[in-house]
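The residues making up each chain are set out below.
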Amino acid sequence: MAVVNLWEMLLDFIFPPHCPLCHAYVEERGHWCPQCLVKALQPHHLPLSVPMQAVLAEAWALGVYKGSLRDLIRHLKYQGKRSNLPYMKSLLSAVGEMSDMRELLSGIDLAVPVPLHPQKEKQRGFNQAELIFGAFLMEQHIPMQRLLTRTRATRPMYELSERERADNLKNAFAVIGAKALQGKNVLLVDDIFTTGSTMMECARVLKQAGACSVIGLVMASDHGQMK
Ligand SMILES: [Zn+2]
């Protein structure tokens, strides 16, 4: 323990903890300064189309996919920068204090991360949804289970039209361990929400396998306004 503390002290001395947005010094590594936390933290309901509403009870994003939050997510995903995780965990903890979010989480039985294709996960080394939400969900006593799998590789969604997106995801997900889902209220977690097609397809498969309800939760979405 003493060695760890010494190492942390040394690290804080060489690289003092700073806010990821304005770079002001903060007390603890992974924290935001209060002003930037307010800017980054913008929990909002996601607009759901009628077909989405058929399978998703509701969906939330904790912030807007812009600026520092977008950089944190992108650098985690594409550069494997795990040192960004504590910043996201700080946002999640702040959200966990909010009354409507507490109410939402209190009805959840288990969380399921949106899966990557096994080959992609092997290449990346992790599933970002699992890494982002893991510690927070543990703190909330919500078990996270990998009950979904991607059965085939899909094309990147940004390349596709709406019609192609639906075809691209058709039969792309399957449930593993449907027994654990029976009658359960599921929190489906992912890093970002753009068109919502992935979340909708995952929710559809979960409901079909016996989940009672599915609520979506992502770190950031394109919807909503930066303050
Ligand atoms: Zn700041």
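Computed from a predicted structure; not experimentally measured. (Residues numbered from 1 in each chain as written. Predicted model: local features only at pLDDT ≥ 70, side-chain atom pairs only at ≥ 80, totals over all residues. Heavy atoms only, no water.)

**Topic: the side chain of Ser213**
Positionally, Ser213 belongs in strand β7 (residues 213–221). Assessed through its relative accessible area of 17%, Ser213 is described here as buried. At 2.8 Å, the side chain of Ser213 and the side chain of Asn185 are in polar contact. The contact partners of Ser213, leaving out residues within four places of it in the chain, are Lys184, Asn185, Val186 and Lys207. (Helix = DSSP H or I, 4+ residues; strand = E, 2+ residues; numbered from the N terminus. Buried < 20%, exposed > 50% of the residue type's maximum accessible area, 1.4 Å probe, protein only. Polar contact = N/O pair within 3.5 Å; in protein donor to acceptor, adjacent residues only side chain to side chain. Contact = heavy atoms within 4.5 Å.)

**Section: the coordination of the zinc ion**
Protein coordination of the zinc ion is provided by Cys19 (SG), Cys22 (SG), Cys33 (SG) and Cys36 (SG), with donor distances spanning 2.3 Å. Bound by four donor atoms, the zinc ion shows angles of 99 to 117° at the metal and therefore tetrahedral coordination geometry. One chain supplies every donor for the zinc ion, spaced along it as C-x2-C-x10-C-x2-C. With a relative accessible area of 41%, Cys22 lands in the partly exposed category. (Donors = N, O, S within 2.8 Å, 3.2 Å for Na, K, Ca; no water. Tetrahedral: all angles 85-135°; square planar, octahedral: opposite > 155°, others 65-115°.)

**What about a nonpolar patch on the surface?**
A cluster of nonpolar side chains, namely Trp7, Leu10, Phe13, Ile14 and Phe15, defines an oily patch on the protein surface of about 630 Å² accessible area. By secondary structure assignment, the location of Phe15 is in the loop between α1 (2–14) and α2 (34–40). (Patch = residues over 30% accessible without salt bridge, like charges linked within 9 Å, V, L, I, M, F, W, Y side chains within 5 Å. Areas by Shrake-Rupley, 256 points an atom, 1.4 Å probe, with all protein chains shown as cover. Salt bridge = Lys/Arg side-chain N within 4 Å of Asp/Glu carboxyl O.)

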